[in-house]
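Listed below, chain by chain, are the residues.
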Amino acid sequence: VRRWRDSEARILLLVSLRSGALQPPVQPQLPNLIEWLVQMERELEPSHLELGLLDERDIVQLMLSILDPPDADFAQWVFNETRGHPFYLMESLKDMLERRALHPKQLREGQWGFEVDAEHDLGKAIRVPSTVRAVIRSRLSRLSPNAFSLLAAGAVLELRLTFERLCAVSNIAKDIGLPALDELVSGQLLLEVAQASAASIYIFTHNMIRDVVYTEAGDARRRLFHRRALGILEDAGASEAVLAHHAVAAGLAEVAFRHSLTAGKEALRLAAVNEAKAHLEKALQLAKEELPDSVDVQSQIRELYLHLAQTYELSGQPVQAQFVYDELRKLPPK
């Protein structure tokens, strides 16, 4: 650099660096990198250009420009799933091309566009592409064990991530958990969101990170963490739907059946028919596959059949409703 400067060479040196790479934990090459950057500040007068995420308008306009025919719903869905992260966006589009959710289409004057597959379901989340998964796994491999445990607790909890809950689910003392939390925030894996008159909550910087963390946590850790989360959320008065989710994931069949049944009844009372059907069908599956045969369970199953039949009637499925009524009649008398 000095020789370039002394010879007045017209050279542009462009350095691309992810800011999270300069955060702890300390990598073997990190001190040398930081020292080099400091030296460049002394030798040159660099211009810093911080690249952020693409906003909603940018993503929607970009998608509409390449879709033929334009599909505003699909464009909005892509933004909602990728949240404007350019790398996640490009790799997700490549993945959708490979899975034929998008079809290449030759346009006028030799140009190309893409057509959305008619059977593509916008209700399903974008799959995490293998390239994105590899990058996220590389970032996770550099975390300390305590930081990864805290992050796995967040992936299990999903919502309302407070420091206290993260420590409780991961079973990490707060004094030890604090530097681990700093590691996750400085590494831009979690984002702190301040709340008025309440403790801050934390959110994943991207849902794809949460998906990979949840997978990498492993089955044994997930089940244990879901069990702890269930106890914490029961004490906090969480909704029956949330409790049912954690009970199912923890492998607690009887508890999951009870919460699923109650969640279905509550949804039915609020006329949320599709939600009620999902919870009641899950309760029925648990009853058939995993519950013991007892008088108390039989009573609950009667109640389940009755509410499930009502749900099918409200959703315009009379055949399914009649089938459930027939099954109800086959149950032993009280």
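Regarding the overall build of the protein
Scanning the protein from N- to C-terminus turns up 16 helices and 4 strands. For 334 residues, the compact-globule formula gives about 20 Å, and the C-alpha radius of gyration of the protein, at 26 Å, lies well above that figure. Its C-alpha atoms give the protein principal-axis dimensions of about 100 × 65 × 35 Å. For the protein, the residues scored as buried account for 36% of the 334 residues in total. Considering only contacts in the protein between residues 6 or more positions apart, those separated by 24 or more positions represent 57%. Computed over 38 positive and 46 negative side-chain charges, the separation of the two mean positions in the protein equals 3 Å.

Considerations on the packing of aromatic side chains
Per the counting criterion, the structure on display carries 2 aromatic pairs. When the ring of F74 is compared with that of W77, the centres are 5.5 Å apart and the planes differ by 40°; the resulting orientation is tilted. One end of the pair is F74 and the other is W77, both in helix α4 (residues 72-82) and 3 residues apart, which spans about a single turn. We note that F74, like W77, is buried. Relative to Y88, the ring of F87 lies with its centre 6.2 Å away and its plane at 55°, an arrangement referred to as tilted. Residue classification places F87 among the partly exposed residues on the basis of a relative accessible area of 31%. The class for Y88 is buried, based on a relative accessible area of 3%. Here the basic side chain of R222 rests over the ring of Y214, its NZ or CZ set 5.1 Å away from the ring centre.

So, the packing of helix α7 (residues 145-157) against helix α11 (residues 219-235)
Each pair of packed helices gets described by two things: the angle between the helix axes and the distance between those axes. Packing of α7 against α11 leaves a shortest axis separation of 9 Å and a crossing angle of 65°. With respect to the hand of their crossing, α7 and α11 are arranged in right-handed fashion. Contact with α7, carried on its side by F148, S149, A152, A153, V156 and L157, involves R221, R222, F225, H226, A229 and L233 of α11 and no other residues of that element. For the contact of α7 with α11, the per-class residue count stands at 8 nonpolar, 2 polar and 2 charged.

Topic: the packing of helix α3 (residues 56-66) against α4
Two elements in contact, α3 and α4, have axes separated by 9 Å at closest approach and are oriented at 135°. With respect to each other, α3 and α4 are oriented oblique. Handedness of the α3/α4 crossing: right-handed. Here E56, I59, V60, M63 and L64 of α3 lie close against α4, whose contacting residues are A72, F74, A75, Q76, V78 and F79.

With respect to helix α8 (residues 163-170)
Buried residues of α8: F163, L166, C167, V169 and S170, and no others. Looking at the buried side of α8, the elements it contacts are α7, α9 (174-186), β3 (190-195), β4 (198-204) and α11. Backbone geometry just downstream of α8 places N171 in the positive-phi region, at approximately 60°.

Comments concerning unusual backbone geometry
The omega torsion across D68 and P69 is 5°, close enough to zero to call that bond cis. Examined against the element boundaries, P69 turns out to sit in the loop between α3 and α4. In this structure, E8 is a non-glycine residue whose phi angle is positive, near 55°. Inspection of the secondary structure puts E8 in the loop between α1 (2-6) and α2 (30-43).

Let's talk about helix α16 (residues 318-330)
In this model, α16 (13 residues) spans 19 Å end to end at C-alpha, consistent with the 18 Å of a helix rising 1.5 Å per residue. Among all positions of α16, only A321, V324 and L328 are buried. All buried residues of α16 lie within an arc of 65° about the axis, which places them on one face of the element. Among the exposed residues of α16, those oriented more than 90 degrees off its buried face are V319, R329 and K330.

Quick notes on a nonpolar patch on the surface
Among the surface-exposed residues, V1, W4, I11, L13, V15, L17, W36 and L44 lie close enough to one another that they form a single nonpolar patch of about 650 Å² accessible area. Mapping L44 onto the fold places it in the loop between α2 and α3.

Side note on the environment of I232
Its location among the elements puts I232 in helix α11. The partly exposed category is assigned to I232, whose relative accessible area is 22%. Separated by 11 residues in the primary sequence, I232 and L243 have C-alpha atoms spaced 9.9 Å apart. Residues in contact with I232, not counting those within four places in the same chain, are R165, A168 and V169.

Thresholds, definitions, all that
Residues numbered from 1 in each chain as written. Predicted model: local features only at pLDDT ≥ 70, side-chain atom pairs only at ≥ 80, totals over all residues. Heavy atoms only, no water. Helix = DSSP H or I, 4+ residues; strand = E, 2+ residues; numbered from the N terminus. Rg over C-alpha atoms; globule rule 2.2 N^0.38 Å. Buried < 20%, exposed > 50% of the residue type's maximum accessible area, 1.4 Å probe, protein only. Contact = heavy atoms within 4.5 Å. Lys, Arg positive; Asp, Glu negative; His and termini not counted. Charge placed at Lys NZ, Arg CZ, Asp CG, Glu CD. Phe/Tyr/Trp six-rings, centres within 6.5 Å; stacked < 30°, edge-to-face > 60°. Lys NZ or Arg CZ within 6 Å of the ring centre and 35° of its normal. Axes fitted to C-alpha atoms, helices over the stretch in contact; angles between N-to-C directions. Left-handed = near helix turned anticlockwise from the far one by under 90°. Nonpolar A, V, L, I, M, F, W, Y, C, P; charged D, E, K, R; others polar. Parallel < 35°, antiparallel > 145°, perpendicular 65-115°, else oblique. Expected span 1.5 Å × (residues − 1). Arc of directions from axis to C-beta. Patch = residues over 30% accessible without salt bridge, like charges linked within 9 Å, V, L, I, M, F, W, Y side chains within 5 Å. Areas by Shrake-Rupley, 256 points an atom, 1.4 Å probe, with all protein chains shown as cover. Salt bridge = Lys/Arg side-chain N within 4 Å of Asp/Glu carboxyl O.

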